[in-house]
Amino acid sequence: STAFMTLARSAPGGASQFRLDPRFGQLVAQAEALLHSLGAQSCVNVLWAFAKIRHHPGEQFIERISDVMERHLSDLWPQNLANVLWAYAALHRSRRGAEHAGQLVRPVVRQLEV
């Protein structure tokens, strides 16, 4: 996730400058291969970075990272939650992202109602 965060923070032009670089494709493939081992913070960082550079990693990637995050819902801090919701909104083409965003918000709403 650190590599994605660094790219996102240093790339004002978005993903257009990365798409043609084969190393970016290798980084995305490596991230996908390691998704099962990522924790909540790393998942949030990767999603945030993709949204920041305006690169949609594909529905399969979104589904897989959403599944990993679901296993770590209790580990998400409020800032993590805000970053994930922003990333899903910025990557607005993801149906799975919208579903997952709803799942993330429901527990927060329940706590506010108490």
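Structure's up top.
A brief report on the enclosed structure follows. (Residues numbered from 1 in each chain as written. Predicted model: local features only at pLDDT ≥ 70, side-chain atom pairs only at ≥ 80, totals over all residues. Heavy atoms only, no water.)

## Points about the environment of N45
By secondary structure assignment, the location of N45 is in helix α4 (residues 40-52). On the accessibility criterion, N45 (15% relative accessible area) is buried. When the C-alpha atoms of N45 and V84 are compared, they prove to be 8.5 Å apart, with 39 residues separating the residues in sequence. For N45, the residues in contact, after removing those within four places along its chain, are S1 and M5. (Helix = DSSP H or I, 4+ residues; strand = E, 2+ residues; numbered from the N terminus. Buried < 20%, exposed > 50% of the residue type's maximum accessible area, 1.4 Å probe, protein only. Contact = heavy atoms within 4.5 Å.)

## Some remarks on unusual backbone geometry
The residue R54 is not glycine, and still its phi comes out positive at about 60°. Given the relative accessible area of 54%, R54 is considered exposed.

## A closer look at helix α6 (residues 78-90)
With 13 residues, α6 should reach 18 Å at 1.5 Å per residue; the first-to-last C-alpha distance of 18 Å fits that figure. Here α6 has its buried residues at N80, L81, V84, A87 and Y88. Down the axis of α6, the buried side of the element spans an arc of 130°, and every buried residue falls inside it. Facing away from the buried side of α6 by over 90 degrees, the exposed positions are P78, Q79 and A89. (Expected span 1.5 Å × (residues − 1). Arc of directions from axis to C-beta.)

## So, the packing of aromatic side chains
As enumerated under the stated definition, the model contains 1 aromatic pair in all. A centroid spacing of 5.3 Å and a plane angle of 90° characterise the contact between F50 and F61, whose relative ring orientation is edge-to-face. Of this pair, F50 sits in helix α4 while F61 sits in helix α5 (residues 59-71), placing them 11 residues apart in sequence. Among the residues examined, F50 registers a relative accessible area of 0% and is labelled buried. (Phe/Tyr/Trp six-rings, centres within 6.5 Å; stacked < 30°, edge-to-face > 60°.)

This is a description of form; function is not addressed.
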